[in-house]
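Report on the structure
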Amino acid sequence: MIKEAALWIKKGEVIAFPTETVYGLGANALDEQAVRKIFEAKGRPSDNPLIVHIAEAEQLNDLVLQVPSVAKKLIEQFWPGPLTIILKKKEAVAESVTAGLDTVAVRMPDHPVALELLKEAGVPVAAPSANLSGKPSPTNGEHVYHDLKGRIAGILDAGGTGVGVESTVLDCSSDVPVLYRPGGVTVEEIEAIVGQVKIDPSLKSKDEAPLSPGMKYTHYSPNGSLTLVRNRMQIPTLLEEAKSQGKRTGVLTTEENQDFYEADVVVSCGKRSDLATVAHKLYQSLRKFDEEKAEVIFSEIFPSEEMGIAIMNRLEKAAGGNII
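So, here's what we can say about the structure. (Residues numbered from 1 in each chain as written. Predicted model: local features only at pLDDT ≥ 70, side-chain atom pairs only at ≥ 80, totals over all residues. Heavy atoms only, no water.)

By the criterion of burial, strand S12 (residues 249-253) is predominantly enclosed, with five of the five residues buried. Burial along S12 is two-sided: the face carrying Thr249, Val251 and Thr253 and the face carrying Gly250 and Leu252 are both buried. With four bridges joining them, S12 and strand S13 (residues 265-268) adopt parallel strand pairing. Each bridged residue has a counterpart across the sheet, and for Leu252 the counterpart in S13 is Val267. (Buried < 20%, exposed > 50% of the residue type's maximum accessible area, 1.4 Å probe, protein only. Helix = DSSP H or I, 4+ residues; strand = E, 2+ residues; numbered from the N terminus. Pairing = 2+ DSSP bridges.)

This is the structure we're talking about:
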């Protein structure tokens, strides 16, 4: 199956494959026509850059002009793993991959199937998440099939993913690293290696335009309206109001609180005491509301530290910034 999938990539087609974060939708990053098929399959805006996946650190030489010492330290510590590094690109990278920017985002996934596929394909592979643009990212092959059946050449299905949210994106193209997207490697872990990093203003303000792959538009959204609620004790009242309007209600919560709510659909996304479990189940939980046809959804919020930063970033995107 891996050899067949690699052959399709070599032929300029698009293949979905598993990584340790979410499933990716991959095509040859050096083939402009192949990369455009990714955008067509996802319905992804063409000004939204992609992440390039590689199997060997040496492949960076084909993609970037140089690897600064800070980036080398991070690569040594976190690759393979859920850390994407942005560097100044070489012209060989397809223009569509970078959306016209002079940088390219690269990572080495920590998944045996992904690494074997990349080695077999023999080319760097551009791959955003394998879902329709704007929908929750896929964490198993069934999610990919639901979103993209008939749109791509095939799915390399290897079961569920591990981390559950996308990679951290860190810009190392200038003197001080800049965090563009929180993810599977926490800010605290990065700063322990290279010292303090800057935070992209768009992560703090909706008025700033994001520069990271996968962060420019509303993402991860269920079909129903999603509202984040700072004080979870307000959720029962909000549920009653929605029910009085004839709406099918949902609540996103954790194992600790799941018996507290009386909604049509109550989904536990893990343990509040272990935020890694929340990240792991977040996207499949959001998809559950679609399966159960929830129309109005309320979600608890999580601490904005360590993995909680990535979780809240995704939830705020999914809710379109709707927080009360």
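Read from one edge of the open sheet, four strands run S11-S14-S12-S13, paired in parallel fashion. Of all the strands in the sheet, just strand S11 (225-229) and S13 have a single pairing partner and so form its edges. Taken over all neighbouring pairs, the strand axes of this sheet differ in orientation by 20 degrees on average, direction set aside. Pairing analysis gives four bridges linking S12 to strand S14 (residues 296-300), with the strands arranged parallel. (Axes fitted to C-alpha atoms, helices over the stretch in contact; angles between N-to-C directions.)

As a further point, take helix H1 (residues 2-10). Among the residues of H1, Ile2, Ala5, Ala6 and Ile9 are the ones counted as buried. Down the axis of H1, the smallest arc covering the buried residues is 100 degrees, so these residues share one side. Buried residues in H1 make contact with strand S1 (15-17), strand S2 (24-28), helix H6 (112-121) and strand S6 (125-126). At the exit of H1 stands Gly12, carrying a positive phi of roughly 90 degrees. (Arc of directions from axis to C-beta. Contact = heavy atoms within 4.5 Å.)

Turning our eyes to something else, we now look at the packing of H1 against H6. At a minimum axis separation of 8 Å, H1 and H6 run at an interaxial angle of 50 degrees. Relative to H6, the element H1 is oriented oblique. In this structure, H1 crosses over H6, and the sense of that crossing is right-handed. Only Val113, Glu116, Leu117, Glu120 and Ala121 of H6 make contact with H1, whose side of the interface consists of Ile2, Lys3, Ala5, Ala6, Ile9 and Lys10. Taken together, the residues that form the contact of H1 with H6 break down as seven nonpolar, no polar and four charged. (Parallel < 35°, antiparallel > 145°, perpendicular 65-115°, else oblique. Left-handed = near helix turned anticlockwise from the far one by under 90°. Nonpolar A, V, L, I, M, F, W, Y, C, P; charged D, E, K, R; others polar.)

A complete count under the given rule lists two aromatic pairs for this structure. Ring centres of Tyr220 and Tyr283 lie 5.2 Å apart, and the angle between their planes is 25 degrees; this geometry places the pair in the stacked category. Of this pair, Tyr220 sits in the loop between strand S10 (198-199) and S11 while Tyr283 sits in helix H10 (residues 275-291); the two residues are 63 residues apart in sequence, bridging distant segments of the chain. When the ring of Phe260 is compared with that of Tyr261, the centres are 5.0 Å apart and the planes differ by 85 degrees; the resulting orientation is edge-to-face. In this structure, Lys11 is placed above the aromatic ring of Trp8, and the distance from its NZ or CZ to the ring centre is 5.2 Å. (Phe/Tyr/Trp six-rings, centres within 6.5 Å; stacked < 30°, edge-to-face > 60°. Lys NZ or Arg CZ within 6 Å of the ring centre and 35° of its normal.)

So, on to the sheet that holds strand S3 (residues 51-53). Whenever strands of a sheet pair, they do so through backbone hydrogen bonds, lying parallel or antiparallel. Spatially, 10 strands are ordered S7-S1-S2-S6-S3-S5-S4-S8-S9-S10 in an open sheet, and the strand pairing comes out mixed. The outermost strands of the open sheet, each flanked by one partner alone, are strand S7 (154-155) and S10. In the sheet, strand S9 (residues 178-181) pairs with S10 via two bridges, with the strands oriented parallel. Along S10, the bridge assignment pairs Val178 with Lys198. Together, strand S4 (83-88) and strand S8 (168-171) form the strand contacts of helix H4 (residues 69-78), whose direction differs from that of S4 by roughly 155 degrees.

As a further point, take the environment of Val52. As for its placement among the helices and strands, Val52 is situated in strand S3. You can call Val52 buried: its relative accessible area is 0%. Sequence spacing of Val52 and Lys271 is 219 residues, and the spatial spacing of their C-alpha atoms is 32 Å. In this structure Val52 touches Ala29, Leu63, Val97, Val104, Ala105, Val106, Arg107, Pro124, Val125 and Ala126, once residues within four positions along its chain are discounted.

Turning our attention to H4. Note on helix geometry: an α-helix contains 3.6 residues per turn, so any two residues three or four positions apart are oriented the same way. For H4, the full list of buried residues reads Ala71, Leu74, Ile75 and Phe78. Down the axis of H4, the sector holding all buried residues measures 100 degrees, keeping them to one side. Looking at H4, the residues exposed on the side facing more than 90 degrees away from the buried face are Ser69, Lys72 and Glu76.

Attention now goes to the pattern of salt bridges. Note that side chains of opposite charge can pair when their charged atoms are close. Per the counting criterion, the structure on display carries 11 salt bridges. Arg272 is the salt-bridge partner of Glu300, the closest N and O atoms lying 2.8 Å from each other. Of this pair, Glu300 sits in strand S14 while Arg272 is found in the loop between S13 and H10, placing the two residues 28 residues apart along the sequence. Given the relative accessible area of 28%, Arg272 is considered partly exposed. A salt bridge links Glu291 to Lys288; the shortest N-O distance between them is 4.0 Å. One end of the pair is Glu291 and the other is Lys288, both in helix H10 and three residues apart, which spans about a single turn. Its relative accessible area of 33% is what places Lys288 among the partly exposed residues. (Salt bridge = Lys/Arg side-chain N within 4 Å of Asp/Glu carboxyl O.)

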